[in-house]
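Secondary and tertiary structure notes
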Amino acid sequence: MYEVTADNRLRRLIIVGDRVLIKPKSPTDRTNSGLYLPPTVTEREQVQSGYVIKVGPGYPIPTASEDEPWKESEEKLKYMPLQAKEGDIAIYLQRNAIDLEYDGEKYVIVPQGSILMLDRSEDLFE
């Protein structure tokens, strides 16, 4: 029998379109001068960062139809892949993010257009 573990729960998730699933980094609760900030201040910052966990297939590309438009085609839909890859660190706009909680962990889903910058490190999770 198939057993669902913490390791493979996220593998079952399918991210659609140009969306990216991100695990936010824990925000710093102190300023540079040492003052402690309440959680509401750090959560409302416009720009956040986090780890890319899963990415969607990308932007659908329309297929050129040479036959009659009403005929059904067997051709699969093609996608233009996203720049974000699993394991990247993403800097994204918080206002376009959708907060969610899955299996007790906090995640955000953002469209590719809301990601401002990616930091790709090959040994990020090693």
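Residues numbered from 1 in each chain as written. Predicted model: local features only at pLDDT ≥ 70, side-chain atom pairs only at ≥ 80, totals over all residues. Heavy atoms only, no water.

- Looking at an unreviewed UniProt entry, one finds the chain named Co-chaperone GroES, with Dyadobacter frigoris as its source organism.
- Per UniProt, the chain has the following entry under Sequence similarities (unreviewed entry): "Belongs to the GroES chaperonin family." (UniProt positions renumbered as here; feature names shortened; annotations may be inferred.)

**Regarding the sheet that holds strand E7 (residues 105-111)**
- In spatial order, the strands read E6-E7-E1-E2-E5-E8; together these 6 strands make up an open sheet with antiparallel pairing. One side of each edge strand has no neighbouring strand; the edge strands of this open sheet are strand E6 (98-102) and strand E8 (115-119). Neighbour-to-neighbour, the strand axes of this sheet turn through a mean angle of 40°, independent of strand direction.
- In the sheet, E6 pairs with E7 via 5 bridges, with the strands oriented antiparallel. The residue bridging Ile98 from the neighbouring strand is Ile109, located in E7. (Pairing = 2+ DSSP bridges. Helix = DSSP H or I, 4+ residues; strand = E, 2+ residues; numbered from the N terminus. Axes fitted to C-alpha atoms, helices over the stretch in contact; angles between N-to-C directions.)

**Topic: the pattern of salt bridges**
- Counted by the stated rule, this structure contains 3 salt bridges.
- Glu105 is the salt-bridge partner of Lys23, the closest N and O atoms lying 2.8 Å from each other. One end of the pair, Lys23, is in strand E1 (residues 19-24); the other, Glu105, is in strand E7, with 82 residues separating them in the sequence.
- A relative accessible area of 26% places Lys23 in the partly exposed class. (Salt bridge = Lys/Arg side-chain N within 4 Å of Asp/Glu carboxyl O. Buried < 20%, exposed > 50% of the residue type's maximum accessible area, 1.4 Å probe, protein only.)

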